[in-house]
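Spelled out, the chains give:
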Amino acid sequence: MTPEAHKHLSARDPVMRLLIKEHGLCELVPETRRSPFQSLVQAVAHQQLNGTAANTILARFRKLFPGRKFPRPEDLTGVTDEQIRACGFSWAKIKSIRDIAEKTLAGVVPSPREITKLSDDEIVLRLTQVRGVGRWTVEMLLIFQLGRHDVLPVDDFGVRTGFRHAYKKRGLPTPKELLKFGEVWRPHRTTASWYLWSAADAMKKKK
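Residues numbered from 1 in each chain as written. Predicted model: local features only at pLDDT ≥ 70, side-chain atom pairs only at ≥ 80, totals over all residues. Heavy atoms only, no water.

Draft legend 1. Layout of unusual backbone geometry. Note the cis peptide between Arg186 and Pro187, where omega equals 0°. In this structure, Pro187 sits in the loop between helix H11 (175–181) and helix H12 (189–206). Even without being a glycine, Lys168 presents a positive backbone phi close to 55°. Relative to the elements of secondary structure, Lys168 occurs in the loop between helix H10 (157–166) and H11. Residue class for Lys168 comes out exposed when judged on its relative accessible area of 73%. (Helix = DSSP H or I, 4+ residues; strand = E, 2+ residues; numbered from the N terminus. Buried < 20%, exposed > 50% of the residue type's maximum accessible area, 1.4 Å probe, protein only.)

Draft legend 2. Fine view of the pattern of salt bridges. Following the criterion strictly, the structure yields 12 salt bridges and no others. Between Glu31 and Arg34 there is a salt bridge, with the nearest N and O atoms lying 3.8 Å from each other. The closest approach of N and O atoms between Glu114 and Arg126, which form a salt bridge, is 3.1 Å. Here Glu114 is found in helix H7 (residues 112–115), whereas its partner Arg126 is found in helix H8 (residues 120–127), with 12 residues between them in sequence. Each of Arg68, Arg72, Glu74 and Asp75 takes part in salt bridges that share partners, so that together they form one network. (Salt bridge = Lys/Arg side-chain N within 4 Å of Asp/Glu carboxyl O.)

Draft legend 3. Seen up close, helix H6 (residues 91–105). The terminal C-alpha atoms of H6 lie 21 Å apart, and with 15 residues this matches the ideal 21 Å at 1.5 Å per residue to within 8%. Buried within H6 are the following residues: Lys93, Ile94, Ser96, Ile97, Arg98, Asp99, Ile100, Ala101 and Thr104. Next to the buried residues of H6 lie helix H3 (36–46) and helix H5 (81–86). Looking one or two residues beyond H6, the residue adopting positive phi is Gly107, at roughly 90°. (Expected span 1.5 Å × (residues − 1). Contact = heavy atoms within 4.5 Å.)

Draft legend 4. Structural view of the packing of helix H2 (residues 14–23) against H12. Two elements in contact, H2 and H12, have axes whose closest approach is 10 Å; the angle formed by their N-to-C orientations is 65°. Between H2 and H12 the crossing geometry is left-handed. For the pair formed by H2 and H12, the contact residues are Met16, Leu19, Ile20, Glu22 and His23 on the first element and Ala192, Trp194, Tyr195, Leu196, Ser198, Ala199 and Ala202 on the second. Of the residues in the contact of H2 with H12, the class split is nine nonpolar, two polar and one charged. (Axes fitted to C-alpha atoms, helices over the stretch in contact; angles between N-to-C directions. Left-handed = near helix turned anticlockwise from the far one by under 90°. Nonpolar A, V, L, I, M, F, W, Y, C, P; charged D, E, K, R; others polar.)

Interpretation note: all reported values are geometric properties and have no functional meaning in isolation.
Encoded structure:
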């Protein structure tokens, strides 16, 4: 994400140095204009679905709120669960979306301005109080919305797969093993994660 990140990773880890040469500079650009509410709703939509299916459901969902690019939490009071269900959301996801809206209005889910002032750990603590939102979902928000520099999603399958491939391991690392190894990448673990995702994608293309 920064020249400092590439320099640090290259100096500390020879495998990362090779990945940087192979995949070029990190192209991760966070989408800072999304609110935490929108990010969480979109994350819930993507859970257990491929991107195309999730985006189709989200497009139908947005059509329930004419005149808005994305609804506000208070807008959800104007639609029924059945209307949301018709978009393709499961009943469990509808409960999650309702809880995201309620906790946003209650201040548990911070505003766009407030969230920038919170630490990564504070954000994880706040957002994992929401139904259906686990640590991985919050880590995706930290990376792709807030652009935080030192996030290592050790439960992410792509990150673990990329590590196994790049470091020539026989099996996937456990989250604990990956967390320990990742200390060498601090404070640029987000950039390291991007290279592990790139390594995983490259392995898929070779098959």
